[in-house]
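# Architecture and fold: a report
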Amino acid sequence: MARTLRILCIDDEPANLVLLEGLLGPRGYDVIKATSGQEGLKIIREQEVDIVLLDVLLPQLDGYTVCKKIKEDVEARNIPIIMITALASKEDRIRSIEVGAEDFISKPFDQAEVLARIGMLLKIRESEDAFTYTVYALARAAEINDEDTGNHILRVGEYCAIIAANLKMSPKIFQHIRIQATLHDVGKIHIPSVILRNPGKLTPEEWSEIKKHPIYGARIIGDHPRLSMAKSIALTHHERWDGSGYPYGLKGEKIPMEGRIVIVADQYDALRNPRVYKPAYDHQTTYKIITEGDGRTMPSHFDPLVLAAFKNTASQFAGVHEKLKE
Ligand SMILES: [Fe+2]
């Protein structure tokens, strides 16, 4: 990275901030100080920050709440957070993990330990960035034949993360699904664009070719454990809760949770955007079609739990579509 790495330290005790600055400044880090949660959140919204050291016991907004808010922010949630606290009970550690913190250090802290943890998290972040970039590049390459371009893959990832968060899945899972769901249609790279862009009625042969894209996708993604969710999503994102989907006609809980989430996210985006066979619908119409059905899309296609999560978060879907529209 070209610029100096920036560490945001949030602590209401000025003495602690001075201590951290004295430790980190001479090691070449740029230290930004905040004495309250609100001030810290404001800095994160306005500046680029590479890592956050966050005191748990803060007046007004406590550290857990601040951590949770950062992890809920689409722009900021990839910033690693180390919670620092005088509390060292098991419950505090569990709570830190629950709100999405990457690491936890007890006060008084060992300086070498602080430096080692920061170094490790920054290294992980760098390799995560490279991994994510490569996943997106592959997803974008697969769009070349398709009518979906630009931000479709990113929007689907964001919708999935919203549903996963509403279903109270762990921050780790919703981070995975956000990135890996972008590969759901990677198998379309095998389908000729004359079929994908055909505005007329497809022949049974053409239709059966399209229905193979989940299997092609799973084959392209392969067996690397880090992409196991992407593979599962590619394979099952057209399976329907009532068993009427493809490629296998899986039913109910036989369909992996990630597949049940992506079908709702993918449907929402397909309805909101123009297709060769239909115009773009607005949010209200799309909501009505997903929750009440229109003969083509039916609520019985979706896991009732995922559908409930969609209803709870529908306004966030509209927000993502607005923010990431092409
Ligand atoms: Fe698909």
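Residue indices begin from 1 for each chain and proceed along its sequence in written order. Since the coordinates come from a predicted model, pLDDT governs what is reported: local features require at least 70, and pairs of side-chain atoms require 80 or more to be given and counted, while whole-chain, interface and lining totals use all residues. Only hydrogens and water are removed before side-chain values are computed, so all heavy atoms of the structure are retained for them.

### Topic: the sheet that holds strand 1 (residues 6-10)
- Spatial strand order, 2-1-3-4-5: five strands in an open sheet with parallel pairing. In the strand order of this sheet, the two ends are held by strand 2 (30-34) and strand 5 (103-106), each with one partner. Mean inter-strand twist for the sheet, computed between neighbouring axes without regard to direction, equals 20°.
- Pairing between strand 4 (residues 81-85) and strand 5: four bridges, direction parallel. The residue of strand 5 that forms the bridge with Ile84 is Ile105.
- We call two residues in contact whenever any of their non-hydrogen atoms come within 4.5 Å of each other. Orientation is described by axes fitted as lines to C-alpha atoms, over the contacting stretch for helices, and by angles from 0 to 180 degrees between their N-to-C directions. Numbering of helices and strands runs from the N terminus, with a helix taken as a DSSP run of H or I at least four residues long and a strand as a DSSP run of E at least two residues long. Docked against the sheet, helix 3 (residues 63-72) engages strand 1, strand 3 (51-55) and strand 4, running at close to 175° with respect to strand 4. Here, strands pair whenever DSSP counts at least two bridges between them.

### Here's the deal with the pattern of salt bridges
- By salt bridge we mean one thing: a side-chain nitrogen of Lys or Arg within 4 Å of a carboxyl oxygen of Asp or Glu. Enumeration according to the criterion identifies 21 salt bridges in this entry.
- In this structure, Lys323 engages Glu75 in a salt bridge whose closest nitrogen and oxygen atoms are separated by 2.9 Å. Placement of the pair is Lys323 in helix 14 (residues 304-323) and Glu75 in the loop between helix 3 and strand 4, with a sequence separation of 248 residues.
- Owing to a relative accessible area of 62%, Glu75 belongs among the exposed residues under this scheme.
- One salt bridge connects Arg178 with Glu158, and the closest N-O pair in it is separated by 3.0 Å. One end of the pair, Arg178, is in helix 7 (residues 171-180); the other, Glu158, is in helix 6 (residues 152-166), with 20 residues separating them in the sequence. Buried, partly exposed and exposed residues are distinguished by accessible area as a fraction of the type maximum, computed with a 1.4 Å probe on protein chains only: under 20%, between the cut-offs, and over 50%, respectively.

### A closer look at the side chain of Asp50
- With respect to the helices and strands, the residue Asp50 is situated in the loop between helix 2 (37-46) and strand 3.
- Think of a polar contact as two N or O atoms within 3.5 Å of one another; within protein, one of them needs to be a possible hydrogen donor and the other a possible acceptor, and neighboring residues in sequence only count if both atoms come from side chains. A polar contact of 2.7 Å, which involves the side chain of Asp50, links it to the backbone nitrogen of Arg6.

### Points about the coordination of the iron ion
- Keep in mind that water is not among the atoms, so a site may look incomplete; donors are the N, O and S atoms within 2.8 Å of the metal, or 3.2 Å for Na, K and Ca. Binding of the iron ion to the protein goes through Asp185 (OD), His213 (NE2), His237 (NE2) and His238 (NE2), at separations of 2.0 to 2.3 Å.
- Square planar and octahedral sites, with four and six donors, are those where opposite donors lie more than 155 degrees apart and all other angles lie between 65 and 115, tetrahedral sites have four donors with every angle between 85 and 135 degrees, and the rest are irregular. Between the four donor atoms coordinating the iron ion, the angles at the centre fall across 86 to 175°, so the site counts as irregular.
- Ordering the donors of the iron ion by residue number gives the pattern D-x27-H-x23-H-H. With a gap of 52 residues between them, Asp185 in the loop between helix 7 and helix 8 (193-196) and His237 in the loop between helix 11 (228-236) and helix 12 (257-272) connect regions that are remote in the sequence.

### Some details on the packing of aromatic side chains
- When the centres of two rings from Phe, Tyr and Trp lie within 6.5 Å, Trp using its six-membered ring, the rings pair. Their planes under 30 degrees apart give stacked, over 60 give edge-to-face, and anything left gives tilted. Applying the stated criterion to the full structure yields seven aromatic pairs.
- Seen from their ring centres, Tyr159 and Tyr268 are 5.1 Å apart, and the 75° between their planes marks the pair as edge-to-face. Of this pair, Tyr159 sits in helix 6 while Tyr268 sits in helix 12, and the two are 109 residues apart along the sequence. Like Tyr159, the residue Tyr268 is buried in the burial classification.
- In this structure an aromatic cluster arises from ring pairing among Tyr159, Tyr268, Tyr287, Phe310 and Phe317.

### Quick word on the nonpolar core
- Of all hydrophobic cores here, the largest spans 29 residues; its most connected members are Cys160, Ile177 and Ile261.
- Where this core is concerned, the elements lending two or more residues are helix 6, helix 7, helix 11, helix 12, helix 13 (283-292) and helix 14.
- Of all the elements, helix 12 adds the most residues to this core, at eight residues.
- Residues contacting Cys160, with those up to four places away along its chain left out, are Ile177, Ala181, Ile261, Val262 and Ala265.
- Buried Ala, Val, Leu, Ile, Met, Phe, Trp, Tyr and Cys residues that are joined via side-chain atoms within 4.5 Å together make up what is termed a nonpolar core. Judged by nonpolar contacts, the second largest core, of 24 residues, contains Cys67, Ile79, Ile81 and Val99.

### Observations regarding the domain arrangement of the chain
- Once the domains are mapped, the chain shows domain 1 (6-125) and domain 2 (146-323).
- With seven residues of domain 1 in contact, the opposing surface of domain 2 contributes seven residues.
- Roughly 510 Å² is buried in total at the junction of domain 1 and domain 2, and carbon and sulfur atoms are behind 41% of that figure.
- Its largest share of buried area at the contact with domain 2, domain 1 owes to Val74, Arg77 and Asn78, together 66% of the area lost on that side.
- Here Arg77 makes a salt bridge to Glu158, at a shortest N to O gap of 2.7 Å.
- At the surface where domain 1 touches domain 2, the tally comes to two residue pairs in polar contact (both at pLDDT 80 or more).
- Just so you know the grouping, Ala, Val, Leu, Ile, Met, Phe, Trp, Tyr, Cys and Pro go in nonpolar, Asp, Glu, Lys and Arg go in charged, and all remaining residues, Gly too, go in polar. Counted by class, the side of domain 1 that touches domain 2 contains one nonpolar, two polar and four charged residues. What counts as a domain boundary in this text is fixed by an automatic or database domain assignment. Once two parts are joined, some of their accessible surface, as seen by a 1.4 Å probe, is lost; buried area is that loss totalled over both.

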